[in-house]
Amino acid sequence: AFIEADRWKQYLEGMATTLYVTVIAILIGIVLGVIVASIRTAHDQQRRKKNIVLGFLNAICKIYVTVIRGTPMMVQLMILGFVVFKSSRNFTMVGALGLGLNSGAYVAEIIRGGLMSLDQGQSEAGRSLGLGYMDTMRFIVVPQAFKAVLPALGNEFVTVIKESSIVSIIGIADLMYRTNGVMAITYIQLEPLAIAAIIYFAMTFTTSRLIAFAERRMSNASK
């Protein structure tokens, strides 16, 4: 299941594809999450006159988060792969997009929770110093919120790695796709699945350690 016929190469190729899809998905999720969280936070923190445009964008963001979090990722991937992009042959990017759209909804709620947990006096202090909204968010609010939500973001990144195992349903040659190929050739199940599980564990464990290291560095820097 691993050594004979150089089948270990199939696992490595599948792992490389899994990491590639995961990295792209995480980047998409972070960008989407920051945008959605910023819009929803700005809308919720309005005090007097309500901005109509911001209200419209907030409604779209709420629908996006609600729909994505309320439906299975497998269904989302199948809709993208077999309906929206049915004529595309770039399955890898379709899978990464599907994972990224799903992750973005969860990242948005994580970041929004961090932004809303901060005292509004932080934003007011930035405004009193002459900073605009974007500069206040960039230099004062976001750095503090990022430190608070880093553990939750780390858990989300680990989740993306594990949930990437279902992208094989739309034809992506990831780790599980390669594992299924080995099982079909060798007619054995336990060993290939055990090997895949070990590889997934190695990826998630490494990611968890990197996140923990980043948390320690940020904690020490604030002392």
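It should be emphasised that the depicted structure is a prediction, and the values quoted were computed from it without experimental measurement. (Residues numbered from 1 in each chain as written. Predicted model: local features only at pLDDT ≥ 70, side-chain atom pairs only at ≥ 80, totals over all residues. Heavy atoms only, no water.)

### Observations regarding helix α3 (residues 73-84)
Given 3.6 residues to a turn, an α-helix orients residues that are three or four positions apart in the same direction. Restricting attention to buried positions, one finds in α3 the residues M73, Q76, L77, L80 and G81. Angular distribution of buried residues about the axis of α3 spans 120°; they occupy a single face of the element. (Buried < 20%, exposed > 50% of the residue type's maximum accessible area, 1.4 Å probe, protein only. Helix = DSSP H or I, 4+ residues; strand = E, 2+ residues; numbered from the N terminus. Arc of directions from axis to C-beta.)

### Some words on empty space enclosed by the protein
In this approach the atoms are scanned with a rolling probe the size of a water molecule, which exposes any empty space left behind. The full count for this structure, using the stated rule, is two cavities of 30 Å³ or more. Estimated volume of the second largest cavity: approximately 30 Å³. Looking at the second largest cavity, the residues that line it are G81, F85, S88, F91, V94 and I170. Here the lining of the second largest cavity is built from residues that sort into four nonpolar, two polar and no charged. (1 Å grid on protein atoms, 1.4 Å probe; cavity = no way out; pocket = protein on both sides within 12 Å on 5 of 7 lines; lining within 4 Å. Points joined across faces, edges and corners; volume = space filled by probe spheres on them. Nonpolar A, V, L, I, M, F, W, Y, C, P; charged D, E, K, R; others polar.)

### Considerations on unusual backbone geometry
Phi angles above zero are rare outside glycine, and D6 is one such case at about 55°. Even without being a glycine, Y187 presents a positive backbone phi close to 60°. Inspection of the secondary structure assignment puts Y187 in the loop between α7 (175-186) and α8 (190-221).

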